[in-house]
Amino acid sequence: MRFVILHGAFGHPGENWFPWLADQLREKGLEVIVPTFLTPERQSISAWKQVFSKVVGSLEENTVLIGHSTGAIFIPSILENLQQPIRAAYFIGGFWGDLGSEVFDSLNRTFYETEPDWQKVRVNAHILRAYYGENGPYVSRKPFDLLCNKLEIEPVRYPKGGHINSEAGFDEF
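Now for a quick tour of the structure. (Residues numbered from 1 in each chain as written. Predicted model: local features only at pLDDT ≥ 70, side-chain atom pairs only at ≥ 80, totals over all residues. Heavy atoms only, no water.)

1. Quick word on helix H3 (residues 70-79)
Here is step 1 of the chain: Counting buried residues in H3 gives 10 out of 10 residues, a clear majority hidden from the surface.
Here is step 2 of the chain: Regarding H3, the residues found buried are Thr-70, Gly-71, Ala-72, Ile-73, Phe-74, Ile-75, Pro-76, Ser-77, Ile-78 and Leu-79. (Buried < 20%, exposed > 50% of the residue type's maximum accessible area, 1.4 Å probe, protein only. Helix = DSSP H or I, 4+ residues; strand = E, 2+ residues; numbered from the N terminus.)

As structure tokens, then:
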């Protein structure tokens, strides 16, 4: 089993709950990859795809994708192009569309300006789950719900989850 953890804008592999989760999985003998994406300078979906291709490579059936924030909205671009489904995809603090912040919207726009084939996205992961912090400072409920509607899934909501990051107390998850 291989796990790929994807950070968000202004993020890196050593923040939030990513190191804790990677350690938990590695202790069980599982492979974990946590790529470092370009952000905020030169952040774009094409730049992230290049890093993903180089660091992660092709995905097999026993792959699990775990994306946080922009990492979550990067997942559909991966899933829609697979030839066979992966085990699971987890969308944590994800969204679809503008957030109402010019800083984040300008950084993230290339990830959602072109709609993926949502049917392919949905069938290319056996398990799809989404998690949301109700009082998050970056992602409001509307863009999160839009992502869940496109994925056709019911989310797990944390009433005081913030952005499900260290700032909200999520150094473990």
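2. Quick look at the nonpolar core
Here is step 1 of the chain: Grouped together as the largest cluster of nonpolar side chains are 39 residues, with contacts concentrated most on Phe-52, Leu-65, Phe-74, Leu-79 and Phe-91.
Here is step 2 of the chain: Only strand S1 (2-6), helix H2 (45-55), H3, strand S4 (86-92), helix H4 (102-112), helix H5 (118-123), strand S5 (125-133) and helix H6 (141-151) provide two or more residues apiece to this core.
Here is step 3 of the chain: No other element matches H3, which puts 6 residues into this core.
Here is step 4 of the chain: With residues up to four places along the chain from it excluded, the contact list for Leu-79 reads Leu-65, Ile-86, Ala-89, Lys-120, Val-121, Asn-124, Ala-125 and Leu-128.
Here is step 5 of the chain: One finds Ile-5, Phe-18, Leu-25 and Ala-88 within the second-largest nonpolar core, a separate group that totals 16 residues. (Core = buried A, V, L, I, M, F, W, Y, C linked by side-chain atoms within 4.5 Å. Contact = heavy atoms within 4.5 Å.)

3. Some details on the packing of aromatic side chains
Here is step 1 of the chain: As enumerated under the stated definition, the model contains 14 aromatic pairs in all.
Here is step 2 of the chain: A ring pair is formed by Phe-52 and Phe-74, whose centres lie 5.9 Å apart and whose planes are at 75°; its orientation type is edge-to-face. Separated by 22 residues along the polypeptide, Phe-52 in helix H2 and Phe-74 in helix H3 bring together distant segments of the chain.
Here is step 3 of the chain: Residue classification places Phe-52 among the buried positions, given a relative accessible area of 7%.
Here is step 4 of the chain: Take Phe-74: its relative accessible area is 0%, and that puts it in the buried class.
Here is step 5 of the chain: Centre to centre, the rings of Phe-104 and Tyr-138 are 5.5 Å apart; their planes meet at 65°, and the pair counts as edge-to-face. Taken together, the positions of Phe-104 in helix H4 and Tyr-138 in the loop between S5 and H6 put the pair 34 residues apart, joining distant regions of the chain.
Here is step 6 of the chain: Relative accessible area serves as the criterion here: at 30%, Tyr-138 is assigned to the partly exposed category.
Here is step 7 of the chain: Connected via pairs of aromatic rings, a cluster forms that spans Phe-37, Trp-48, Phe-52, Phe-74 and Phe-111. (Phe/Tyr/Trp six-rings, centres within 6.5 Å; stacked < 30°, edge-to-face > 60°.)

All we've got here are geometric facts, nothing functional implied.
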